[in-house]
Amino acid sequence: MTEPVWLTAEGKLELQRELTQLLNVKRPELARKLKEAVAQGDLKENADYHDTREQQAFVEGRIQYLEVVLRQARIINEGENQGLVRLGSVVTIREIGEQEDETYRIVGAAEANPREGKISHESPIGRALLGCRKGSKVRVRTPGGEMTVRIHNIE
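Residues numbered from 1 in each chain as written. Predicted model: local features only at pLDDT ≥ 70, side-chain atom pairs only at ≥ 80, totals over all residues. Heavy atoms only, no water.

When strand E3 (residues 90-95) meets strand E4 (residues 102-107), the two strands line up antiparallel, connected through four bridges. Residue pairing across strands places Val91 opposite Tyr104, the latter belonging to E4. The turn joining E3 and E4, which pair antiparallel and follow one another in sequence, is formed by six residues; a positive phi near 95° is taken by Gly97. Sheet topology places E3 next to strand E7 (residues 145-154); five bridges connect them, and they run antiparallel. Its bridge partner lying in E7, Val91 is registered against Ile154. (Pairing = 2+ DSSP bridges. Helix = DSSP H or I, 4+ residues; strand = E, 2+ residues; numbered from the N terminus.)

In structure tokens:
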């Protein structure tokens, strides 16, 4: 049995939209570009052909990845958090000794995007926060060293 891929309902919709875009827009567009490049003749020195083939390979790989993720997806139940950090929680923390809070949503690895404040439950911070309560001090071991944070809020 394969491991489930944990997604928020919102994250699943985003991945489904991306898959639809790739299947219905990007894949046909690349097929058209490839056909045009082939029509130009000599493929050995045809930069358009090689570029399009590279893009096509990336798109096909992404399509396969998204299909697997969506097939194995389990939606995170975002109901009452019972005061504990869990998958789907929005957690506000502050590193001890620092002045600014950081807010993260704990999501599955397939949905993680630190720039958007979404961190995986498998990441060092995500793993350390799971199961903790508001007000808790949590020690986190990261590749950059160890730090201690306090949980200020859980939604």
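It is worth spelling out the pattern of salt bridges at this point. Considering all chains together, one arrives at 11 salt bridges under this definition. With a closest N to O distance of 3.5 Å, Glu29 and Lys26 form a salt bridge. Within this pair, Glu29 and its partner Lys26 are both found in helix H1 (residues 9-39), separated by three residues, close to a single helical turn. Residue class for Glu29 comes out partly exposed when judged on its relative accessible area of 30%. On the basis of relative accessible area, Lys26 is assigned to the partly exposed category, the value being 26%. Its salt-bridge partner being Asp101, residue Arg94 comes within 2.8 Å of it at the nearest N-O pair. Given the relative accessible area of 27%, Arg94 is considered partly exposed. (Salt bridge = Lys/Arg side-chain N within 4 Å of Asp/Glu carboxyl O. Buried < 20%, exposed > 50% of the residue type's maximum accessible area, 1.4 Å probe, protein only.)

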